[in-house]
Amino acid sequence: MRRASEHPETIYVYYGEKPWDGAVSLHGMLNIPEEMKAFVNDYKILLVEARENSLTLRNMKNVAFFNLMKVILDKSLSRDEARKKVIDYAKEHKVDKSVIMTVAGATNCKIDYNALSEKGDFDMCTLFDEIAKENEVKGIVETGFDFGLSENDILKRLQEKLNLSLQMAQEYIKMFGKQTV
């Protein structure tokens, strides 16, 4: 019989841009006195950094996911260079739509999969464009609020700069606006 602390079943994937610097065990998270450590299970986590890892993967969907994340998170590449690398990789390796959706989720890109699937034009190019657009929207919304612009001014700016409908601009304000506590 194996103990959970010896063989964790869950793998955690870290998508951050900076290297992981947090704890990877319960003892590392808690300030446990030395004399008490023997009485507290030291649950460990298996942590994989999407941006840099040395995994040997056999499932091609997993290989594609980590290869795409590595490119997307590579800050040494310009957006255009990263976009080209991602699209070329996806075409060359015939990346499955489930991988594209997983990358979208990992990059916090809110994509309407059903709408894109109906159009039949859902691919890595679409994903990359959506990620870039959302980053631009987020920047406009956050900067607008930081500089004290009214919500109406920010809505107007989103509509003009990005050619968005009022409804879409309002959705982005809800998504990226300042949260009041």
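Focus: the overall build of the protein
Reasoning step 1: Along its length, the protein carries eight helices and two strands.
Reasoning step 2: Counting all 181 residues of the protein, 30% fall into the buried class.
Reasoning step 3: Of the contacts formed within the protein by residues at least 6 apart in sequence, a portion of 54% connects residues at least 24 apart.
Reasoning step 4: For the protein, the accessible surface area stands at approximately 12600 Å², while carbon and sulfur atoms represent 49% of it.

Side note on the packing of helix α2 (residues 60–72) against helix α3 (residues 79–92)
Reasoning step 1: Viewed as axis vectors pointing N to C, α2 and α3 meet at an angle of 170°, and their least axial separation amounts to 9 Å. Judged by the angle between their axes, α2 and α3 are roughly antiparallel. Here α2 runs over α3; the crossing is right-handed. Residue-level contacts link Val63, Ala64, Asn67, Leu68, Val71 and Ile72 of α2 to Ala82, Lys85, Val86 and Tyr89 of α3.
Reasoning step 2: Looking at the contact of α2 with α3 residue by residue, the class counts come to eight nonpolar, one polar and one charged.

Remarks on the pattern of salt bridges
Reasoning step 1: Tallied over the full model, the rule gives three salt bridges.
Reasoning step 2: When the shortest N-O distance is used, the salt bridge between Glu34 and Lys37 registers 3.6 Å.
Reasoning step 3: Its relative accessible area of 61% is what places Glu34 among the exposed residues.
Reasoning step 4: By relative accessible area, which is 27% here, Lys37 ends up partly exposed.
Reasoning step 5: Glu171 serves as the salt-bridge partner of Lys174, at 3.7 Å between the closest nitrogen and oxygen. Taken together, the positions of Lys174 and Glu171, both in helix α8 (residues 166–176) and three residues apart, correspond to about one turn of that helix.

A word on the side chain of Asp42
Reasoning step 1: With respect to the secondary-structure elements, Asp42 resides in the loop between α1 (26–29) and β2 (46–49).
Reasoning step 2: Separated by 3.3 Å, the side chain of Asp42 and the backbone nitrogen of Leu26 make a polar contact.
Reasoning step 3: Within the local environment of Asp42, its side chain forms a polar contact with the side chain of Lys44, the two groups lying 2.9 Å apart.

Brief notes about the packing of helix α7 (residues 151–162) against α8
Pairs of packed helices are described in terms of their axes, by the angle between the two and the distance that separates them.
Reasoning step 1: One way to put it is that α7 packs onto α8 with a least axis distance of 9 Å and a crossing angle of 120°. When the axis of α7 is compared with that of α8, the two are oblique. For the pair α7 and α8, the crossing hand works out as right-handed. Taken together, the residues of α8 that come into contact with α7 (itself represented by Glu151, Ile154, Leu155, Leu158 and Gln159) are Leu166, Ala169, Gln170, Tyr172 and Ile173.

Here is what the cut-offs are and how they apply
Residues numbered from 1 in each chain as written. Predicted model: local features only at pLDDT ≥ 70, side-chain atom pairs only at ≥ 80, totals over all residues. Heavy atoms only, no water. Helix = DSSP H or I, 4+ residues; strand = E, 2+ residues; numbered from the N terminus. Buried < 20%, exposed > 50% of the residue type's maximum accessible area, 1.4 Å probe, protein only. Contact = heavy atoms within 4.5 Å. Areas by Shrake-Rupley, 256 points an atom, 1.4 Å probe, with all protein chains shown as cover. Axes fitted to C-alpha atoms, helices over the stretch in contact; angles between N-to-C directions. Parallel < 35°, antiparallel > 145°, perpendicular 65-115°, else oblique. Left-handed = near helix turned anticlockwise from the far one by under 90°. Nonpolar A, V, L, I, M, F, W, Y, C, P; charged D, E, K, R; others polar. Salt bridge = Lys/Arg side-chain N within 4 Å of Asp/Glu carboxyl O. Polar contact = N/O pair within 3.5 Å; in protein donor to acceptor, adjacent residues only side chain to side chain.

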